[in-house]
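Examining the three-dimensional arrangement
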Amino acid sequence: MKRTMLCTVFVAEFLFGCSASDETDLTRRGGAPGESGTLTGETPGDGTNAPGGAGPGSTPAQQCKDLSRKYTGLGGSDLIASRADELAGANRARVKPYSSLGNEFTRVIAVNPALLQTSAAAFGSDPARWSVEPQANAVSLYTHFRVAFQGCLTYTATDAKYAAAPTDAAAGTECAAMQRKFWSRTPQAAEIDACKRVAITDSAKETDPRRRWAYTCATILTATGFTSF
Amino acid sequence: MFTKKDVSRRLFLKGAASAAGAAAALRLPGGQFERSAFAQQAEKSAVLVVYFGGGYNALFPSADSFLGAGTFGVNNNNTLNLGNGLVVDRSFDVFPAIAKQRMATIGVRHGSSDHGEAQRLNFSSGTRSAVLMLASMMGGDAAIKAANVGPQNIPGPTTPEGGVSLQRITDMRATIAALGGAQDPTIPDRDIAAKALIGAEAMSQNAYAASPKSLTSVREGLKASIETLQKPVRPFNFTEMATAYGLQATVTGVTDDFRTKMLAAELMVLAGANVVTAPTRFDWDSHGDRDGSAVRQRMTTQILPALSTFVNRMMAATDRNVVVMMLGDFSRSLPGSDHQPNLSATIIGKYVNVGTTGKVGANVSLPAGTPSVGGMWGMAAAAVKAPAAITAFGGNPHGALIRP
């Protein structure tokens, strides 16, 4: 988890070209000690190269454009014009890639749903030897829900606590437990309430109690707590 | 942010869809489908944008520009005069007669010979997505109003417009399931599934707030998925559709096989999408193709068979107005088929007049005063009779190419 988080920080900073600290700024390749470190065509930033990335008079709202060096390319083009700008620490969540979902489902519900194996195209398979940042869409998310539902049917198939229709008390307990397990964090009250609504109200037309719990389980697995990292 | 207003809006959409019966969806009953019966309704418009990654040689939309010098291998035997000054490559003869009577070339003087910049310009209106602006302003009640078919994405901005986001379609079986479900006990009940996804959406609000940009695709995808599940289901004959494009009904992935892209495009048009984009691979950056043989061969074998099938089927639907646009980064310059900082696009549609505002000079240039990208999208908006979009794009400077 910690390594994953560190990797995420590194990759996010690389992608967005922003650094909150001088040590991880990939753009500041200085020359010999004492040199300005200016590369050909490079225009130094606004003198905000102090460690931590915050120079005199900086505010908490500073973004990459305030901290990073400017680079001018051929024909006077601005080489960082298309660089995504961002506040440090924001927009850290990323969609889990399809390749990880089998293991993820197995980790939380001990099932790798068969439908997942035949759904690569729905999630958009990457070209060979190439990595593409995963992006969700209507079809991939509905497919994800179907996959989760299939897995949850197995997850709720035998345990006695899923043999009875969800009650307010049971839904509150099971929602909190599933959310904690699937998301690896303690859920908030509003999240538990949203889950309870699915269990008690939204799935009421389903006559099989286990399928009602499976819908509830699948809903939690389709929330960003599981679909993103 | 999820609010009660959003819930009310969804219920309204569901009710409106049920009342109007305008949305189309698909059913997969044991692999077989029933042919749908379209109800009497107002003409439904849609735009298919075929984008040639790397460029769109002007020998196709402006063939006569090269007759004099025979550049790009153009001669009297491989050109097709459609009248009113429009002469195209003879490979376009594969289109049905009605399409050739409704075809025009549009000049786009965007001024860029850089792939990235030209691609961005072609799909932008300022900082906004031209595709999504058009899709939003065309209205309708489809859950997915803008779709991109295949493994490639269109360039340019993709920020949603008016609640319309661009949804990728990469698997038709999964799309069919989302649009109409299947007779399979493991398939969730559509009504419950829609409510369950609303629940998932509610559980995701904190994450959205912390990552409003990086989770955009999740936020917009869930929203579109919910709305899709709330639409009524109607049966379609996927086997018949696949056969028309020369595909087996078991082929459902949308790949670089252009037939699958056109099949998926038809699927989404019939499901109510306003704009469908079908970008190709970056195969059309045809440096060195001085006689045009490479692009002709690629167009003839890879693109036109499926595209002409799509045009033929869509133009035969009397209750629809489906416009097809063909464009690329830019035209190819002389002598080496390199980058020309302007583009001549092809447009086909029920309300398009035969003619051209994109006839290039012998040196592939367009005259000063030729409209830029906004004019192209204004023309597209005019072709689908979307007045709000015409205004948003700054009007249609190609008015002579529109039939009343």
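Look up a bit, the structure's there.
This part takes up the overall build of chain B. From N to C terminus, chain B includes 13 helices and 14 strands. For chain B, the residues scored as buried account for 60% of the 404 residues in total. Per element, the accessible surface of chain B, about 14,100 Å² overall, is 53% carbon and sulfur.

Let us look at helix 5 (residues 172-180) of chain B. Residue and element names in this part refer to chain B. With 8 of 9 residues buried, helix 5 lies mostly within the body of the structure. Turning to helix 5, its buried residues number three or more, namely Met172, Ala174, Thr175, Ile176, Ala177, Ala178, Leu179 and Gly180. Sitting at the amino-terminal end of helix 5 is Asp171, which places a side-chain oxygen 3.4 Å from the backbone nitrogen of Arg173.

So, about the pattern of salt bridges. Counting across every chain of the model gives 25 salt bridges over all chains. When the shortest N-O distance is used, the salt bridge between B:Lys359 and B:Asp64 registers 3.0 Å. Here B:Lys359 is found in the loop between strand 14 (355-356) and helix 12 (373-383), whereas its partner B:Asp64 is found in the loop between strand 1 (44-52) and strand 2 (79-83), with 295 residues between them in sequence. Overall, B:Lys359 belongs to the partly exposed group, its relative accessible area being 43%. The exposure class of B:Asp64 is buried, given its relative accessible area of 18%. Residues B:Asp93 and B:Arg90 are paired through a salt bridge, measuring 3.9 Å at the closest nitrogen-oxygen approach. The exposure class of B:Asp93 is partly exposed, given its relative accessible area of 35%. The exposure class assigned to B:Arg90 is partly exposed, which follows from its relative accessible area of 36%. Within the structure, one salt-bridge network assembled from shared partners comprises A:Lys205, B:Asp189, B:Asp191 and B:Lys195.

Glancing now at the interface of chain A and chain B. On the chain B side, the residues contacting the 44 residues of chain A number 43 residues. Across the interface of chain A and chain B, roughly 3,500 Å² is buried in total on both sides, 63% from carbon and sulfur atoms. Sorting the residues of chain A by area buried against chain B places A:Asn91, A:Tyr142 and A:Thr224 first, and these three jointly supply 19% of that buried surface. At the surface where chain A touches chain B, the tally comes to 2 salt bridges. A salt bridge links A:Lys205 to B:Asp191; its shortest N-O distance comes to 4.0 Å. Listed by contribution, the elements that provide at least two residues to the side of chain A that touches chain B are helix 5 (120-123), helix 6 (138-155), helix 7 (168-183), helix 8 (189-202) and helix 9 (209-222) of chain A. Looking at the side of chain A that touches chain B, the element that brings in the most residues is helix 6 of chain A, giving 10 residues. Here the residues of the side of chain A that touches chain B sort into 21 nonpolar, 13 polar and 10 charged.

Another aspect to go through is the nonpolar core. In this structure, B:Leu134, B:Met262, B:Leu307, B:Phe310 and B:Trp377 are the most contacted members of the largest nonpolar core, which totals 165 residues. With sequence-adjacent residues up to four places away left out, B:Phe310 is seen in contact with B:Leu48, B:Tyr245, B:Met262, B:Ala265, B:Glu266, B:Val269, B:Val322 and B:Val324.

Time to look at the packing of helix 6 of chain A against helix 8 (residues 216-229) of chain B. Relative to each other, helix 6 of chain A and helix 8 of chain B sit at 75°, their axes nearing to 7 Å. The pairing of helix 6 of chain A with helix 8 of chain B is recorded here as roughly perpendicular in orientation. From helix 6 of chain A, A:Ala138, A:Leu141 and A:Tyr142 reach across to helix 8 of chain B, where they touch B:Ser217, B:Val218, B:Gly221, B:Leu222, B:Ala224, B:Ser225 and B:Leu229. Residue classes in the contact of helix 6 of chain A with helix 8 of chain B are distributed as 7 nonpolar, 3 polar and no charged.

A few words on the packing of helix 3 (residues 98-109) of chain A against helix 6 of chain A. Residues and elements named next belong to chain A. Remark: helix 3 packs on helix 6, axes separated minimally by 11 Å, with the N-to-C direction vectors making an angle of 35°. The chirality of how helix 3 crosses helix 6 is right-handed. Contacts from Leu101, Phe105, Val108 and Ile109 in helix 3 reach His144, Val147, Ala148, Gly151, Cys152 and Tyr155 in helix 6. Of the residues in the contact of helix 3 with helix 6, the class split is 8 nonpolar, 2 polar and no charged.

Residue and element names in this part refer to chain A. Summed over all chains, the structure comprises 2 disulfides over all chains. Covalent S-S linkage joins Cys152 and Cys217, the inter-sulfur distance amounting to 2.0 Å. Of note, the bridge from Cys152 to Cys217 carries an S-S torsion of about -65° and is left-handed in sense. You can see Cys152 sitting in helix 6 and its partner Cys217 sitting in helix 9, a full 65 residues away along the chain. As far as the burial class goes, Cys152 and Cys217 line up, both buried. Shown here is the disulfide that connects Cys175 with Cys195, its sulfur atoms set 2.0 Å apart. On the sign convention where negative is left-handed, the bridge of Cys175 and Cys195, at about -80° about the S-S bond, is left-handed. With Cys175 in helix 7 and Cys195 in helix 8, the pair connects residues that are 20 residues apart, well separated along the chain. Just as Cys175 is buried, Cys195 falls in that class too.

So, about the packing of aromatic side chains. For the coordinates displayed, the defined rule picks out 15 aromatic pairs over all chains. Here A:Tyr155 and A:Tyr162 contribute two aromatic rings whose centre-to-centre distance is 6.3 Å and whose plane-to-plane angle is 40°, an arrangement assigned as tilted. Accessibility classification places A:Tyr155 together with A:Tyr162 in one group, the buried group. By way of ring pairs, the aromatic residues B:Phe52, B:Tyr56, B:Phe60, B:Phe92, B:Phe95 and B:Trp284 are connected into one cluster.

Calculation criteria
- Per chain, the residues get numbers from 1 upward, laid out in the order the sequence is written.
- Chain A is the first chain written and ligand 1 is the first ligand written, with later ones labelled in order.
- Per-residue local features of the predicted model are confined to residues with pLDDT of at least 70, and side-chain atom pairs are confined, for both listing and counting, to 80 or more; whole-chain, interface and lining totals are unaffected and use all residues.
- Working from all heavy atoms in the structure, the side-chain values ignore hydrogens and water.
- Helix numbering and strand numbering both begin at the N terminus, where a helix is a DSSP run of H or I of at least 4 residues and a strand a DSSP run of E of at least 2.
- Only protein chains enter the accessibility calculation, which uses a 1.4 Å probe; a residue whose area is less than 20% of its type maximum is buried, one above 50% is exposed, and one in between is partly exposed.
- Computed by Shrake-Rupley with a 1.4 Å probe, the accessible areas treat only the displayed protein chains as cover when residues are assessed.
- Whenever a nitrogen or oxygen atom comes within 3.5 Å of another N or O atom, the pair is scored as a polar contact, on the condition that within protein one atom can donate a hydrogen and the other can accept it, and that pairs from neighbouring residues in sequence are kept only if both atoms are in side chains.
- By definition, a salt bridge exists where a carboxyl oxygen of Asp or Glu is found within 4 Å of a side-chain nitrogen of Lys or Arg.
- Residue contacts are counted whenever heavy atoms from the two residues lie within 4.5 Å of one another.
- Once two parts are joined, some of their accessible surface, as seen by a 1.4 Å probe, is lost; buried area is that loss totalled over both.
- Under the grouping applied here, Gly and all other residues not named as nonpolar or charged are polar, the nonpolar ones being Ala, Val, Leu, Ile, Met, Phe, Trp, Tyr, Cys and Pro and the charged ones Asp, Glu, Lys and Arg.
- Put simply, a nonpolar core is a bunch of buried Ala, Val, Leu, Ile, Met, Phe, Trp, Tyr and Cys residues held in one set by side-chain atoms that sit within 4.5 Å of each other.
- A fitted line through C-alpha atoms serves as each axis, taken over the contacting stretch for helices, and the angle formed by two N-to-C directions is quoted from 0 to 180°.
- Angles are sorted into four bins: roughly parallel if under 35 degrees, roughly antiparallel if over 145, roughly perpendicular if 65 to 115, and oblique for all others.
- Note on convention: the crossing is left-handed when the near helix lies turned anticlockwise from the far helix by less than a right angle, right-handed when the turn is clockwise.
- We call a pair of cysteine sulfur atoms a disulfide when they lie within 2.5 Å.
- Side-chain rings of Phe, Tyr and Trp (the six-membered ring for Trp) are treated as a pair once their centres are within 6.5 Å; stacked means planes under 30 degrees apart, edge-to-face means over 60, and tilted covers the remaining angles.

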